[in-house]
Each structure stands twice: as C-alpha cells, then as structure tokens.
Amino acid sequence: MTQLVPDVPADVLPEEKQKKTRTLSRGALVRRRFRRNRLAMVGVGILAVLLVGAYVLPYFLKFSYTDNDWNALGTAPDATHWFGTNHPGVDMLALTMRGLQKSLVIGLIGGPLTTLIAALVGASAGYFGGWIDRILMWVLELMLVVPSFLLLALIAPRLAGGTWLYFVVLLSAFGWMITARVVRSMTQTLKDREYVLAARYMGVNPLVIIFRHILPNVASILIVDATIQVGAVVLSESGLSYFGFGIQAPDISLGTLIADGQPDATTSPWMFFFPAGFLVLMGLCVAFIGDGLRDAFDPTAAGAKAVVKSIKRAKGPIAGSPAQDVVSNTARAEEGLAS
Amino acid sequence: MGRGMGRFLLRRAVNYVILVFIAASFTYFLASSYLEPIVNFLSKHPQPPLSSIHNILRSRNLDPNTPLVQRYWTWITNILFHGNFGQTFDGNSVNSEMGRRIFVSTELLLVATLVSTVSGVAWGAWNALRQYRPSDRISTVVSYLLLATPTPVIAISLETVDQWMGVPVQYTGMYDPGAQGTWSVITSNMQHLILPTITLFLIQATLFSRYQRGTMLDVLGSDFLRTARAKGLTRRQAVLKHGLRTAVIPVMPLLVYNIVLLFTGATFTEKIFGWHGMGEWLVDSITQNDVNAVGAIAVFTAVLVLIAGLLSDLVYAALDPRVRS
C-alpha cells in the first residue's frame, strides 16, 4: 500500500504535502488508514469472496441444496462433490453455500440494525435526559436482566409463520444494550456543545438535532460497533439454530448445518467441518475488519487504541467514568454465559 | 463508603428486586403461553385419558384450562411465601432438581474459571509487555480465531481430535456409569472433566487475556510507571509491583462476575459433553415444555446476574481508590 504516498522529488514535497492534507477529507483519511491495514484488507477480500461464493456459486454447481444424489449417500469429498455429501445425499458444497447465504445476510442486516437501535435509544436517552432517560435506562437494565437466551429460544421458533427477518429483528432486539449505554454517555458530553445549543435555540426539532448533530459525531463508534455486531449476531444465530431454536426446517443456516453434522463429526468430518470452517472464517473476517476500522478511526493515543482492541463489542476511545467501566465489564462477562 | 454509599446500594437493591420480579413474571407468562406441557402426556403410549391428563397437569399447576393469571398467581405466591418453584412436568420438585444441577454446573465450571482467569491474566499481561513482537501478533490472531469460533465448534473439534487419537480421554457425561467404587468414580469424574474444561478454558482465557492486555497496555504507558522507573526500579520491578497490580484491578470485577455466574452453567459445553447442569436445563426445559422449570431458571439467572453485578461493583469500589471517595 506504499504507492498511496507517491514518490515525489524532494523539492516539491512540502508544498505537495500541504495541498494533500488540505484536500483530504476525514473520510478519505480514514479510508486510507484502513487500506493500510493488511489484516483488515484480507478480511474485506475474503468476505467479498464469501459473499460472491454464497450468492453466485450455486448457479454454477451441478447440484442444488434441495437435490439428493442417490448414488452418493454420505460420501467423502471427491471430484463430483467437492465437499462430500450428507446422509440423504445432498451436496455439502451447495448446502454450505446456502447456509452461508443465510448466515451472511442475517449478520449483515442484524449487525447494523442492532447498532441502529442502540444509537437511537442511547442518543435519545442522553439528549433528552430527565424521565425519558430514566425510562430508557430502566428498560435497558431490564433487558440485561431478562434471560435473553431463554426468551429468544421461546419466541424464535414461534415466528415460523413469518420469515427469518423476524428472527433477525429479534436477535437485534436483545443485543443493543451495551452500545446504547456508550452512545448515551457520549451524547451527554455532546449535548452542551455550542453547535448543539445553537441548533436547539433556533428551534430545530430534537430528532433532527440527534440525527444531524449528535449521531454523526459518534459515527466512528457506530460504524465499528455495527461491524462487531455482525459477528455477534451471526454467533447468536448459529447458537440458537444449533439447538433448533433459530432458523427452522426448510431454511438452512450454518448453525443448523453444524447441528446436523455434529453426530458425524468424527466419522464423516466433512459434514461438520466445512460449515463450521466457513462460520469461523466469516467471524474472523468480520473481526479483522472491525479492528481495522477502529484503528482507522482512532488516530489518537496508542493506549486508547489498545483498550478498545482488547475485547469485542468494546467501547470507543471516549471511556466513561470508572463506574461506567464496571458496568460494561459485567455486561461483557454476560456474553460468557453463552459458553 | 459512608452512609451515602449505603443508601445508594439500598436504592439499587430495591430497583433490582423490581427488575427481577418483572423479568421473571414476563418469562413465566411467555413460557406458559408458548409451551404446551400437555404434549408430553399426549405423546405417551398408550395415551392416558384426557381427563386424567388434565388432573395431573392441574396438580402441577400446568393445566391450560386454568386461566393463565390464576396459574401465575399460584406460581408467584408459592415462590414468594414458600420458596417453592413447583414441579417439573414429570412431577419432580423443581427445587431439588435445581439444587442437583447447580452442583453439577459448579463442579464443571469451578476449575475452568479459576485456571482460565489466572492464565488469561498472565497471558494478556505478557503479551502487553511484548506488544507487536511476533509472540503478541500470534497470540492476537489466535485469540481472534478463538473468539470467532462458536463454542459447539470448539467442543466438537476437541471430541473429534480425541476420537482420532483413539479416545485417550473419556468425555460423555459426568463419569463412567460402569465405574465401581468411590475411587474409580472420582478418577473417572476427573477424566470426564478434561475436555469440557479445555473448551471453557479456551473461551474464557481468551476473553480474559484480551481484556488484561488492554488494561496492561494502558498502564504501561502511564506516568506513574515512568516515575517508578525514574526513582530507580528496574523495569521488571516496576512492572510487577506497580504495573500489574494496577492493571489487574479492572479485571477483578469481571472475575467476580464470572465466579457468581458459575452457577448458571455453560449451555453449549454441558449439552455437548452430556453434563446435566443448569446450562443443559436451559435448553431441555424448553424442548420438554417444562414451564415451571423455565420460570425457575429465569428467576435464578436474573437474581444471579444482579448479585454478580452488585458484587463486582463493590469489588471495584473496594479496590479502586478513585471510586471509594
């Protein structure tokens, strides 16, 4: 990526450089920093390949995920079935691609949706304050206390009449709390800035203020969080589907494939490890991209960068008060529940 | 921690009680309107007469013909006044079942949590000291890999590796049911702990190490450590005496939290390795349409989450002088 900084003769350098810094927007800077991150670019590349593979490859395959090849029941990978077949003779490659489609689309819709909910709740709570804040924070605490796995497992299978889209909304509805808290505390520091006050005194609608002045200022955190949430949503989707509480029968996701392949993992590893491998690969790409984005958005102290790097679903560079940190610790630990 | 702190805690405790009450009630309503315990009896062969099914269900407070509000009232008053969580769908006491399962989960998770905390903290701190060296980079990639891997995949991969090596380690259930005598049951039990413990270790230690690495890096860049060096301490002394101690403080609440939540079990690990603990119950109670069990788990989990939150806040306040004032 070194060619992005062109080799210029020494005498033109200062002027050229100055011009460059003047013309580069923040977005361009971030993009450039992101492109320099090798791991993140690898993540983007692989994720793009996965997307294309999941949506385009099935058209070129001899077998669809609904076909049974009666001449190859549970066979190991060979020239006709690259990933082998499962017991009913369905091509594992077609199945995996189909499952990958669903898992990808669930993650790519669910992740940003989670962040959107978090942004709206957090910004409203922080901006309005008072009883709106109290009510929203109380709901947030309630959501943290409610046994989310239990509720998801209860509700999700009953949505079978609808589509998996409901399932995505449900996953998001149980995942927004931590981010919302961060957005709230950041909004509280933003809402007394001059430009926000000016807008308010001019009589701008509060919702417009939130969308035009508050949220753009926390955009970096939101973008990073949306990426990380993609991974989180995919993980909880596959976990629920693994137990049969998520994606239901005619539909396939990597989670259901893993559950189906599990009994044969030792004798016919291809039934389990191909879907599992793709799931891990996808999660890894998302994590790398999230990491790269975070570094790209955060030019400041290396220390801040490292904290943020420490754990998924992390806070932004603006850390809360110590008490705030405790709260976020506990909430993070809660994810350990899913072990 | 003066009177202000006490009042603050009291107010929070009251709020928590209300939260638990609402969370549990909500779960109960949802569970009793979605789950159908009657299925367990209708699928019996030969099928018992409907009237007796309803009689049995009524005696267990599960009869769909009783209005939901009335069932809820019976359920909640039994819990509040008698500490009785009712009966499972097949007539056992939920309380004793829960006690047994809590014990199993605790046994499974205790070693894993302690070992993974200590080694996670050490691993993270070590990586922070060697930031951007090859070892740190490799650790980072490995921990990303582990964090991206769903628990069932880790567990089943371990099982598969064990199978390929000719099953040197037994893993299904708590112990070999064929084991005779106390000693062989204990050794068998230890052996059956190995794979689930490794699974939990990989997940938890990774989490802890990433977190510890972050806090440690923060501390390494701090002024007081430079002061410590300036007054003549070696790097090792400064890091161990001043650095690590400070960097561990933010991790302690996480540890406390995890220890309290030991009792809620580990869903995937227990289910895959056949340990009949709380985590497995979480899944089984739903698949078995066991309304009272679901309700009990909801109450139990909510209470523990809040206790854990409160305790970890207290630990933080006790350790960090900045919060104490």
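Residues numbered from 1 in each chain as written. Chains lettered and ligands numbered in written order. Predicted model: local features only at pLDDT ≥ 70, side-chain atom pairs only at ≥ 80, totals over all residues. Heavy atoms only, no water.

J.: Lay out the overall build of chain A with the relevant residues and their values.
T.: Assigned secondary structure in chain A consists of 15 helices and zero strands. Counting the 339 residues in chain A, one finds 51% classified as buried. When contacts within chain A are restricted to residue pairs at least 6 apart in sequence, those whose partners lie at least 24 apart make up 68%. When the accessible surface of chain A is summed, it comes to about 15300 Å², and 65% of that surface belongs to carbon and sulfur atoms. (Helix = DSSP H or I, 4+ residues; strand = E, 2+ residues; numbered from the N terminus. Buried < 20%, exposed > 50% of the residue type's maximum accessible area, 1.4 Å probe, protein only. Contact = heavy atoms within 4.5 Å. Areas by Shrake-Rupley, 256 points an atom, 1.4 Å probe, with all protein chains shown as cover.)

J.: Run through the confidence of the model for chain B, naming residues and quoting values.
T.: All names here are of chain B. When the pLDDT values of chain B are averaged, the result is 87; 98% of them are 70 or greater. Within chain B, helix 7 (residues 151–164) carries the highest mean pLDDT (91), whereas helix 15 (residues 321–324) carries the lowest (66). The ipTM assigned to the predicted complex is 0.84, against a pTM of 0.82. (pLDDT = per-residue confidence, 0-100.)

J.: I'd love a proper account of the pattern of salt bridges, names of residues and values included.
T.: Taken as a whole, this structure holds 11 salt bridges over all chains when the rule is applied. The closest approach of N and O atoms between Asp251 of chain A and Lys102 of chain A, which form a salt bridge, is 3.4 Å. Separated by 149 residues along the polypeptide, Asp251 of chain A in the loop between helix 11 (219–242) and helix 12 (254–261) and Lys102 of chain A in helix 4 (residues 92–128) bring together distant segments of the chain. By relative accessible area, Asp251 of chain A is classed as partly exposed at 24%. What makes Lys102 of chain A buried here is its relative accessible area of 9%. Here Glu97 of chain B ties to Arg101 of chain B by a salt bridge, and the two come within 2.8 Å at their closest N and O atoms. Highlighted residues: Glu97 of chain B and Arg101 of chain B, both in helix 5 (residues 94–129), separated by four residues, approximately one helical turn. In this pair, the class of Glu97 of chain B matches that of Arg101 of chain B, namely buried. Counted as one network, the salt bridges with shared partners bring together Glu97, Arg100, Arg101 and Glu280 of chain B. (Salt bridge = Lys/Arg side-chain N within 4 Å of Asp/Glu carboxyl O.)

J.: Tell me about a nonpolar patch on the surface, and name the residues and values.
T.: Residue and element names in this part refer to chain A. Together, Leu51, Val52, Tyr55, Val56, Tyr59, Phe60 and Leu108 give the surface a local cluster of nonpolar side chains, amounting to about 730 Å² of exposed area. Broken down by element, the nonpolar patch gets its largest block of residues, six residues, from helix 3 (residues 38–60). Within the element layout of this structure, Tyr59 appears in helix 3. Tyr59 sits in the exposed class, given a relative accessible area of 70%. (Patch = residues over 30% accessible without salt bridge, like charges linked within 9 Å, V, L, I, M, F, W, Y side chains within 5 Å.)

J.: Outline the UniProt feature "transmembrane region" (unreviewed entry) in chain A, supporting the account with residue identities and numerical values.
T.: Residue and element names in this part refer to chain A. Mapped onto this numbering, the UniProt entry gives "transmembrane region" (unreviewed entry) at residues 39–61, 104–128, 135–157, 163–183, 195–215 and 270–289. For the annotated span residues 39–61, helix accounts for 96% and strand for 0% of the residues, and the straight-line distance between the end C-alpha atoms is 31 Å. Structurally, residues 270–289 is divided into 100% helix and 0% strand, and its ends, taken at the C-alpha atoms, are 28 Å apart. (UniProt positions renumbered as here; feature names shortened; annotations may be inferred.)

J.: Explain the interface of chain B and chain A residue by residue, including any values.
T.: Taken together, the contact between chain B and chain A spans 65 residues of the former and 53 residues of the latter. Here chain B meets chain A over a buried area of about 5300 Å², counting both sides, of which 76% is carbon and sulfur. In terms of surface lost to chain A, no three residues of chain B exceed Tyr34, Tyr144 and Phe268 of chain B, which account for 12% of the buried area on that side. Broken down by element, the residue count for the side of chain B that touches chain A peaks at 11 residues, all from helix 1 (residues 3–34) of chain B. In terms of residue class, the side of chain B that touches chain A is built from 44 nonpolar, 16 polar and five charged. (Buried area = accessible area lost by both parts, 1.4 Å probe. Nonpolar A, V, L, I, M, F, W, Y, C, P; charged D, E, K, R; others polar.)

J.: Hey, could you go over the environment of Ala265 of chain A for me, with residue numbers and the actual values?
T.: Structurally, the position occupied by Ala265 of chain A is in the loop between helix 12 and helix 13 (270–297). With near-sequence residues (within four places) excluded, Ala265 of chain A lies in contact with Phe272 and Phe273 of chain A together with Ile156 and Thr160 of chain B.

J.: Explain helix 11 of chain A residue by residue, including any values.
T.: Between its first and last C-alpha atoms helix 11 of chain A spans 34 Å; for 24 residues at 1.5 Å apiece the expected length is 34 Å, and the two agree. The element helix 11 of chain A is largely enclosed, with a buried count of 20 among its 24 residues. (Expected span 1.5 Å × (residues − 1).)

J.: Talk me through the nonpolar core; I want residue IDs and the actual numbers.
T.: Within the largest apolar cluster, 138 residues are counted, with the highest numbers of intra-cluster contacts made by Leu100, Ile106, Trp176 and Tyr242 of chain A together with Trp75 and Met98 of chain B. Non-local contacts of Leu100 of chain A, meaning those with residues more than four positions away in its chain, are made with Leu50, Ala54, Leu254, Phe278 and Met282 of chain A. (Core = buried A, V, L, I, M, F, W, Y, C linked by side-chain atoms within 4.5 Å.)

J.: Quick rundown of the packing of helix 4 of chain A against helix 7 (residues 164–173) of chain A? Include the residues and the values.
T.: All names here are of chain A. Their axes nearest at 8 Å, the elements helix 4 and helix 7 cross at an angle of 40°. Judged by the angle between their axes, helix 4 and helix 7 are oblique. In this structure, helix 4 meets helix 7 at a crossing whose hand is right-handed. The residues of helix 7 that touch helix 4, namely those facing Lys102, Val105, Ile106, Ile109, Gly110, Leu113, Thr114 and Ile117, are Trp164, Leu165, Phe167, Val168, Val169, Leu171, Ser172 and Ala173. Its residues assigned to classes, the contact of helix 4 with helix 7 comprises 12 nonpolar, three polar and one charged. (Axes fitted to C-alpha atoms, helices over the stretch in contact; angles between N-to-C directions. Parallel < 35°, antiparallel > 145°, perpendicular 65-115°, else oblique. Left-handed = near helix turned anticlockwise from the far one by under 90°.)

J.: Help me get a handle on the packing of helix 7 of chain B against helix 8 (residues 181–220) of chain B, residues and values and all.
T.: Residues and elements named next belong to chain B. Contact geometry of helix 7 with helix 8 gives a least axis separation of 10 Å together with a crossing angle of 140°. Considering the angle they form, helix 7 stands oblique to helix 8. When the axes of helix 7 and helix 8 are compared, the crossing they make is right-handed. Each of Thr151, Ile154, Ala155, Leu158, Glu159 and Asp162 in helix 7 lies in contact with helix 8, whose residues at this interface are Leu195, Ile198, Thr199, Leu202 and Ile203. In terms of residue class, the contact of helix 7 with helix 8 is made up of seven nonpolar, two polar and two charged.

J.: Can you lay out the packing of aromatic side chains for me, pointing to particular residues and giving the numbers?
T.: By the definition in use, this model includes 16 aromatic pairs over all chains. Taking the centre distance of 4.9 Å and the plane angle of 90° together, the rings of Phe272 of chain A and Phe273 of chain A count as edge-to-face. Residue class for Phe272 of chain A comes out buried when judged on its relative accessible area of 0%. Between Phe288 of chain A and Tyr144 of chain B, the aromatic rings sit 5.5 Å apart at their centres with planes inclined by 70°, giving edge-to-face as the arrangement. Of this pair, Phe288 of chain A sits in helix 13 while Tyr144 of chain B sits in helix 6 (residues 134–148), each in a different chain. A single burial state applies to Phe288 of chain A and to Tyr144 of chain B, both of which are buried. Every member of this aromatic cluster is reached through a ring pair, and the members are Phe149, Tyr242, Phe243 and Phe245 of chain A together with Phe268 of chain B. For Arg210 of chain B, the ring lying beneath its charged end belongs to Tyr144 of chain B, and the centroid distance is 5.8 Å. (Phe/Tyr/Trp six-rings, centres within 6.5 Å; stacked < 30°, edge-to-face > 60°. Lys NZ or Arg CZ within 6 Å of the ring centre and 35° of its normal.)

J.: I'd like a rundown of the side chain of Ser188 of chain B, residues and numbers included.
T.: All names here are of chain B. If you trace the backbone, Ser188 turns up in helix 8. Accessibility expressed as a relative area gives 8% for Ser188, which makes it buried. Among residues more than four places away in sequence, those in contact with Ser188 are Met174, Tyr175, Asp176 and Ala179.

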